[in-house]
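Architecture and fold: a report
Spelled out, the chains give:
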Amino acid sequence: MPGTTREKLMANIQYACGGGIADCRAIQEDGPCYSTDIIKVANYAMNAYYYATGHEALNCYFDGTGRIVYDDPTAYIINEAYWILHEASWIA
């Protein structure tokens, strides 16, 4: 989502994985989905939390940074990733 900073993504990962509700073992180092790409990790964590909590829209909010996608999100993710990386370069 526009305005999503690296810090917000890190907070989302902590929220989704820190309480033991979402199974985030796959994105831990040496896990099959481990990545250094913060966007991929946040996507996995937020999605795991959403599914673990029963597919309720309120469990995808993440302080306004989550979005439920019903169609192929490929183009959206690419555009958002570019925006986030571009925005982060201005912050740093």
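The text that follows walks through the structure, step by step, so that each part is easy to find. Bear in mind the structure is a predicted one, so any value in this text is a computation, not a measurement.

Conventions used here
- Residues numbered from 1 in each chain as written.
- Predicted model: local features only at pLDDT ≥ 70, side-chain atom pairs only at ≥ 80, totals over all residues.
- Heavy atoms only, no water.
- Axes fitted to C-alpha atoms, helices over the stretch in contact; angles between N-to-C directions.
- Helix = DSSP H or I, 4+ residues; strand = E, 2+ residues; numbered from the N terminus.
- Left-handed = near helix turned anticlockwise from the far one by under 90°.
- Contact = heavy atoms within 4.5 Å.
- Nonpolar A, V, L, I, M, F, W, Y, C, P; charged D, E, K, R; others polar.
- Core = buried A, V, L, I, M, F, W, Y, C linked by side-chain atoms within 4.5 Å.
- Buried < 20%, exposed > 50% of the residue type's maximum accessible area, 1.4 Å probe, protein only.
- Phe/Tyr/Trp six-rings, centres within 6.5 Å; stacked < 30°, edge-to-face > 60°.

Moving on, we get to the packing of helix H1 (residues 6-18) against helix H2 (residues 38-52). Where H1 contacts H2, the two axes come as close as 9 Å, and the packing angle between them is 35 degrees. The way H1 lies across H2 gives a crossing that is left-handed. Taken together, the residues of H2 that come into contact with H1 (itself represented by Arg-6, Leu-9, Met-10, Asn-12, Ile-13, Tyr-15, Ala-16 and Cys-17) are Ile-38, Ile-39, Val-41, Ala-42, Ala-45, Met-46 and Tyr-49. Class assignment for the residues of the contact of H1 with H2 results in 13 nonpolar, one polar and one charged.

Ranked by internal contacts, the top residues of the largest apolar core, which has 15 residues, are Ile-13 and Ala-45. At the level of secondary structure, the elements contributing two or more residues to this core comprise H1 and H2. Per element, the largest residue contribution to this core is eight residues, and it comes from H2. Sequence-distant contacts of Ala-45, defined by excluding residues within four places in its chain, comprise Ile-13, Ala-16, Cys-17, Ala-22, Cys-24 and Ile-27.

Another point: the packing of aromatic side chains. Across all of its chains, the model carries four aromatic pairs by this definition. Ring geometry for Tyr-49 against Phe-62: centres 5.7 Å apart, planes inclined by 70 degrees, an arrangement best described as edge-to-face. Remark: Phe-62 occurs in the loop between H2 and helix H3 (74-91) and Tyr-49 occurs in helix H2; sequence separation between them is 13 residues. When the ring of Tyr-50 is compared with that of Tyr-51, the centres are 5.5 Å apart and the planes differ by 85 degrees; the resulting orientation is edge-to-face. Accessibility expressed as a relative area gives 14% for Tyr-50, which makes it buried. Cluster of aromatic residues (ring-pair linked, three or more members): Tyr-15, Tyr-49 and Phe-62.

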